[in-house]
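# A closer look at the structure
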Amino acid sequence: MGLVSPQDREAMNPRTAKLRELIAAGGPGIVPGATDCFTAKLIEQAGFPAVYVTGGGTANTYLGGPDIGLITLNELASQVERISDAVSVPVIADCDTGFGGVANVKRTIKLYERIGAAGLHIEDQVFPKRCGHFEGKSVAPVEEMLYRLQAALDARTDPNFVIIARTDARGPEGLDKAIERAHAYREIGADMVFVEAPNSLEELQRISKEFKGTPMVANMIERSRTPLVPEKELLAMGYNVILYANAALYLGSFAIKQGLEVLRREGTSESMLDRMTSFQERQKLVGLDKLDAAERDLVARVDARRKK
């Protein structure tokens, strides 16, 4: 990390420093995923110290399609920008494989820094990528991922911006190769390592021993390859960031599906009012009261100036 001028330091995103602080303290712990601003605000309101922008969830909600590399840089970055603007906590974002070659990776890093993300993870799959919990994944040669990571590190202007190296090699190459890759990614300068889709508690434990003292990411995907392990246990193993990438999406879609069935059957939402966010709660979450107060203040100041 080189010297940073006072002007550059002042221009940096304070949330990158906050994320670094959380990681240095052993956390932030659970970081739920969001695919929209409303969900991101609910995550912040619930007291979580950071928000994750999931690429797979964004493909599901933005395109109505699967996580098979359909989402583009601009589509995902636009979600990251809006979510970063909607919350005050650090935002960690997915950037798939970096959206191309090393020049594309550099562009991706610069864009994510500019739109307010505090960090991102980049993976070693070939393009088009697939969800890390799908069959049929292929990983790029180690050298290609090292080129991506070096390009990311070269493009970073805020030294606090967190670059996470993710390997999806567990499926196609096995755990030994995945660990070997993660070591290489850490050695080139990645801030954190992320071995995706370990298949058991024993594999999670082995990864934690291999990377003792290195900041790590664990991804908890319900009813999939990796077992759900309580936050306290994962933190004790040394996993700093514990992604629940799609928990909010699963919770929301389950509730929406059930509610729509009731609405269709009963012809009214009356019986579900105790399971619905109220109109007033909705407006409070999106800050209507603050915006109205700011507008009243603006009008009062302009009118007072005109009367002088």
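Just so you know, these numbers come straight off a predicted model, no measurement behind them.

Now for the sheet that holds strand β3 (residues 91–94). The strands that make up a sheet pair up through hydrogen bonds in the backbone, lying either parallel or antiparallel. The strand order β1-β2-β3-β4-β5-β6-β7-β8 describes a closed barrel built from 8 strands, whose pairing is parallel. Across the sheet, the axes of successive neighbouring strands diverge by a mean angle of 30°, strand direction being ignored. Inspection of the sheet shows strand β4 (residues 119–123) paired to strand β5 (residues 162–167) by 5 bridges, in the parallel sense. By the bridge assignment for β5, L120 is matched with I163.

Here we come to the nonpolar core. Across soluble globular proteins, you tend to see nonpolar side chains buried next to one another. Membership of the largest hydrophobic core comes to 37 residues, with the highest contact counts inside it found for V51 and Y112. Counting 22 residues, the second largest nonpolar core, distinct from the first, contains I30, A182, L204 and Y244.

Our next topic: the layout of surface pockets. By rolling a water-sized probe across the atoms, one finds the places where empty space is left. The computed volume of the largest pocket comes to approximately 890 Å³. Taken together, 28 residues form the lining of the largest pocket, with G252, A255, I256, R275 and T277 sitting closest to its centre. Elements with a minimum of two residues in the lining of the largest pocket: β1 (29–34), α3 (37–45) and α12 (247–266). Element by element, the count of residues in the lining of the largest pocket is highest for α12, at 12 residues. In the lining of the largest pocket, the residues fall into 14 nonpolar, 11 polar and 3 charged. Taken as a whole, the second largest pocket spans an internal volume of roughly 310 Å³. What lines the second largest pocket is a set of 24 residues, and nearest its centre among them are G56, D67, C131, I221 and N246. Looking at the lining of the second largest pocket, the elements with two or more residues in it are α4 (55–63) and α12. Here the element with the most residues in the lining of the second largest pocket is α4; it accounts for 4 residues.

How each quantity is defined
Residues numbered from 1 in each chain as written. Predicted model: local features only at pLDDT ≥ 70, side-chain atom pairs only at ≥ 80, totals over all residues. Heavy atoms only, no water. Pairing = 2+ DSSP bridges. Helix = DSSP H or I, 4+ residues; strand = E, 2+ residues; numbered from the N terminus. Axes fitted to C-alpha atoms, helices over the stretch in contact; angles between N-to-C directions. Core = buried A, V, L, I, M, F, W, Y, C linked by side-chain atoms within 4.5 Å. Buried < 20%, exposed > 50% of the residue type's maximum accessible area, 1.4 Å probe, protein only. 1 Å grid on protein atoms, 1.4 Å probe; cavity = no way out; pocket = protein on both sides within 12 Å on 5 of 7 lines; lining within 4 Å. Points joined across faces, edges and corners; volume = space filled by probe spheres on them. Nonpolar A, V, L, I, M, F, W, Y, C, P; charged D, E, K, R; others polar.

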